[in-house]
Each structure stands twice: as C-alpha cells, then as structure tokens.
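Single-letter residue listing:
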Amino acid sequence: IRKISGASIPEILALITRKFMLWTAISVILASAAGWWVMERWLEGFTFRIPLGASSFILSGMLALVVVLTIVCLITFRIALLNPAQTLKYE
C-alpha cells in the first residue's frame, strides 16, 4: 500500500525495520534480565564461581539485533521490489 502511495524502498525498509528492532530490543532487555537472575541463582550453589559480566549479555543482544536486522532487511527489500500492480491484481 505504501509503495502505491509513492514511498521509496528505503522508506519502506526504515518503516518496517524500526518496528522489528524495537520489539527485538525490548525482548533482549527482558531476556537479559531474566537470564542474569537465573544464572546468579544457579551459580550460588557452586564453590568456585565465575563472575557474570555484562559483556556476554551485551554481545548476545547485539548479535540478536544484527540477525533480526539482516533478515528483516532482506525480506523487506525483496518484497519492496515487487510490482504493486501485480500484487493487487491477485488480491
């Protein structure tokens, strides 16, 4: 619909990617908090403990964001290149 209205491919990519990145960032924050809490409780029972650093949670969150960004951009770009007239013909 946006392509028919005159939106360019970068505008369509930005619109869709922004929503997915927001939800991914929220889920990474919630999962990191839950993961840190579970790992702290689990590691309390060991005599020799390793410290939990924020770097592992930050790196895994960044990796998740990169994977989501790559997949969403590829799929959205492929769909944005389609001719809207042919798509609407079958609807």
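These remarks concern the structure in this document.

Basis of the calculations
Residues numbered from 1 in each chain as written. Predicted model: local features only at pLDDT ≥ 70, side-chain atom pairs only at ≥ 80, totals over all residues. Heavy atoms only, no water. Helix = DSSP H or I, 4+ residues; strand = E, 2+ residues; numbered from the N terminus. Buried < 20%, exposed > 50% of the residue type's maximum accessible area, 1.4 Å probe, protein only. Contact = heavy atoms within 4.5 Å. Areas by Shrake-Rupley, 256 points an atom, 1.4 Å probe, with all protein chains shown as cover. Phe/Tyr/Trp six-rings, centres within 6.5 Å; stacked < 30°, edge-to-face > 60°. Expected span 1.5 Å × (residues − 1). Axes fitted to C-alpha atoms, helices over the stretch in contact; angles between N-to-C directions. Parallel < 35°, antiparallel > 145°, perpendicular 65-115°, else oblique. Left-handed = near helix turned anticlockwise from the far one by under 90°. Nonpolar A, V, L, I, M, F, W, Y, C, P; charged D, E, K, R; others polar.

## Thoughts on the overall build of the chain
Argument step 1. Counting its regular elements, the chain contains three helices and zero strands.
Argument step 2. Secondary structure of the chain in N-to-C order comes out as α-α-α.
Argument step 3. Per-residue burial over the chain gives 13% buried out of 91 residues.
Argument step 4. Considering only residue pairs separated by 6 or more positions, the chain has 72% of its internal contacts joining residues 24 or more positions apart.
Argument step 5. Summed over its atoms, the accessible surface of the chain is roughly 7300 Å², and 74% of this surface lies on carbon and sulfur atoms.

## Examining the packing of aromatic side chains
Argument step 1. Applying the stated criterion to the full structure yields one aromatic pair.
Argument step 2. Ring centres of Trp42 and Phe46 lie 5.2 Å apart, and the angle between their planes is 85°; on these two criteria the pair is classed as edge-to-face.

## Considerations on helix H2 (residues 54-80)
Argument step 1. With 27 residues, H2 extends 38 Å between its outermost C-alpha atoms, agreeing within 8% with the 39 Å of an ideal straight helix rising 1.5 Å per residue.
Argument step 2. Turning to H2, its buried residues number three or more, namely Gly61, Val72, Thr76 and Ala80.

## As for the packing of helix H1 (residues 9-43) against H2
Argument step 1. At their nearest, the axes of H1 and H2 sit 9 Å apart, and the two run at 155° to each other. One finds that H1 runs roughly antiparallel with respect to H2. Two packed elements cross with a definite hand, and for H1 against H2 that hand is right-handed.
Argument step 2. Of the residues contributing to the contact of H1 with H2, the split by class is 18 nonpolar, six polar and no charged.

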